[in-house]
Amino acid sequence: MLLLVRHAMPAYGPALPPHEWTLSAEGRQAARRLVARLPEDACLVSSDEPKAWQTLGGDDAVTRDRRFNEVTRVEPWQGDYRELRRAYVEGSDHVDWEPRAEVAGRFDAGLAEHLARAGGRPLVVATHGMAMTVWMTARLGLEGPGGFWADLRFPDALLVRLDSGAVERAFAL
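Parameters at a glance
Residues numbered from 1 in each chain as written. Predicted model: local features only at pLDDT ≥ 70, side-chain atom pairs only at ≥ 80, totals over all residues. Heavy atoms only, no water. Buried < 20%, exposed > 50% of the residue type's maximum accessible area, 1.4 Å probe, protein only. Helix = DSSP H or I, 4+ residues; strand = E, 2+ residues; numbered from the N terminus. Pairing = 2+ DSSP bridges. Axes fitted to C-alpha atoms, helices over the stretch in contact; angles between N-to-C directions. Contact = heavy atoms within 4.5 Å.

Caption draft 1: Structural view of the pairing of strand β4 (residues 123–127). Of all 5 residues in β4, 5 are buried, a share of seventy percent or more. Residues L123, V125 and T127 of β4 are buried on one face, and the alternating residues V124 and A126, pointing to the opposite face, are buried as well. Two elements, strand β1 (residues 2–6) and β4, share 5 bridges in a ladder whose sense is parallel. Residue pairing for β4: V5 is matched across the bridge by A126. As judged from the 4 bridges shared by strand β2 (residues 43–46) and β4, these two strands associate in the parallel manner. When the bridges of β4 are listed, L44 appears paired with V124.

Here you go:
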């Protein structure tokens, strides 16, 4: 079983770059509800961004792996950042943004390693909206990636069936 988790709501602002954001109070509450729903024997992995590993409880039981980090990019703090992100996951190239093929490759390599390490136990990976969408589009042929990305919640838990390419919400939060 593979569960991809989009991190809970961060405390965000222009004072810190997004890869340093931690969870907000609302995000910490949502993360506790999410963790309570995860399989007890799951192998827990996250990106090494605080908002991701904190979503899975933030303790030593969570293995951090940079391959699940969000897309590296330079974008404006205000303005059309949501439009830029949506266009990116739909296939538009942006200057100073990590190429989608690199995102998909690193993500796929991380999943292969951690699925093997899990040894048949459920694998739960806390990651980020654009990175997971890019990977699902490349690996599973996700249709409508822009709409998929726009519909992701903070947090969101998605059951990914690698054999069929099906993706569904694992449970309501």
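Caption draft 2: Structural context of the sheet that holds strand β6 (residues 166–169). If you walk across this open sheet you meet the 6 strands as β3-β2-β4-β1-β5-β6, and the pairing is mixed. Of all the strands in the sheet, just β3 (62–64) and β6 have a single pairing partner and so form its edges. In this sheet, neighbouring strand axes are inclined to one another by 25 degrees on average, regardless of whether the strands run parallel or antiparallel. Here β1 pairs with strand β5 (residues 156–161) via 5 bridges, running antiparallel. Opposite L4, over in β5, you have L158 as the bridge partner. Strand contacts of helix α5 (residues 129–140): β1, β4, β5 and β6, with the helix running at about 145 degrees to β1, the strand carrying the most contacts.

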